[in-house]
Amino acid sequence: HNRAIERWEKVGSEYLGDFRIFRIRADSSRSPRTGSIHRFFVLESPDLVNVIPLTPEGNVVMIRQFRHGTEDVTLEVPGGMVDAEDGDPSVSAARELREETGYEAEEVIRLGSVAPNPAFLNNRCHSFLARNVRRVTEPQLDGAEDIAFEEIPIEAIPTLIRDGAITHSLTIAAFYYLELAGLS
């Protein structure tokens, strides 16, 4: 049955905790369909960036790191949080690329952005292509990071996704945006 979905009216909100990379908020909102008030939990988190670093030879600089949410090592593109002082997500993308891999790009191109999980997260993830990247310095990892990187031919990416070697949804979204843009 096809009907227009209306916005819910927020009637109350309170913060339940602040945990460095996110804050937990409880909202009370009224259903436009029933008039009942329900409680929803939202994780407020900074926007994220990820970047597909492409070398002149057509390789993608990918990183491997242990992820505590899944308690496993992932294969993904570099990325991280947008810092307020960066001013623009493209600046954050270039910074994260340099910090995590030591590579710099000739050009950073915006590919698109997604809502990582709009059911309970309020942030967005912005994807970028970094063209003609070259290694210019050593990675500058913070104390909680342990990252290895490798160059993988761009042609191998679809197989790595299909075979489950790349499982990070935001990395897969970035590669889909790259395919749509036809820039690889």
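It should be noted that the structure appears before, not after, this text.
Quick notes on the rules
Residues numbered from 1 in each chain as written. Predicted model: local features only at pLDDT ≥ 70, side-chain atom pairs only at ≥ 80, totals over all residues. Heavy atoms only, no water. Salt bridge = Lys/Arg side-chain N within 4 Å of Asp/Glu carboxyl O. Helix = DSSP H or I, 4+ residues; strand = E, 2+ residues; numbered from the N terminus. Buried < 20%, exposed > 50% of the residue type's maximum accessible area, 1.4 Å probe, protein only. Pairing = 2+ DSSP bridges. Axes fitted to C-alpha atoms, helices over the stretch in contact; angles between N-to-C directions.

Chemist: Go over the pattern of salt bridges, please, and point to the residues and values.
Modeler: Applying the stated criterion to the full structure yields 15 salt bridges. With a shortest N-O distance of 2.8 Å, Arg 64 and Glu 150 are connected by a salt bridge. Residue Arg 64 is located in strand S5 (residues 59-67), and its partner Glu 150 is located in strand S12 (residues 147-153); the two are separated by 86 residues in the primary sequence. Here Glu 150 falls in the partly exposed class, since its relative accessible area comes to 30%. For Arg 67, the salt bridge goes to Glu 76, with nearest N and O atoms at 2.5 Å. Arg 67 gets classed as partly exposed once you look at its relative accessible area, which sits at 32%. With a relative accessible area of 3%, Glu 76 lands in the buried category.

Chemist: I'd like to hear about the sheet that holds strand S6 (residues 72-76), residue by residue, with values.
Modeler: Pairing is antiparallel across the open sheet formed by three strands, whose spatial order is S6-S5-S12. With partners counted over all chains shown, the strands left at the sheet margins are S6 and S12, one partner each. The sheet shows a mean angle of 25° between the axes of neighbouring strands, taken without regard to direction. Where S5 meets S12, seven bridges bridge the pair, whose relative direction is antiparallel. Residue pairing in the sheet places Gln 65 in a bridge with Ile 147 of S12.

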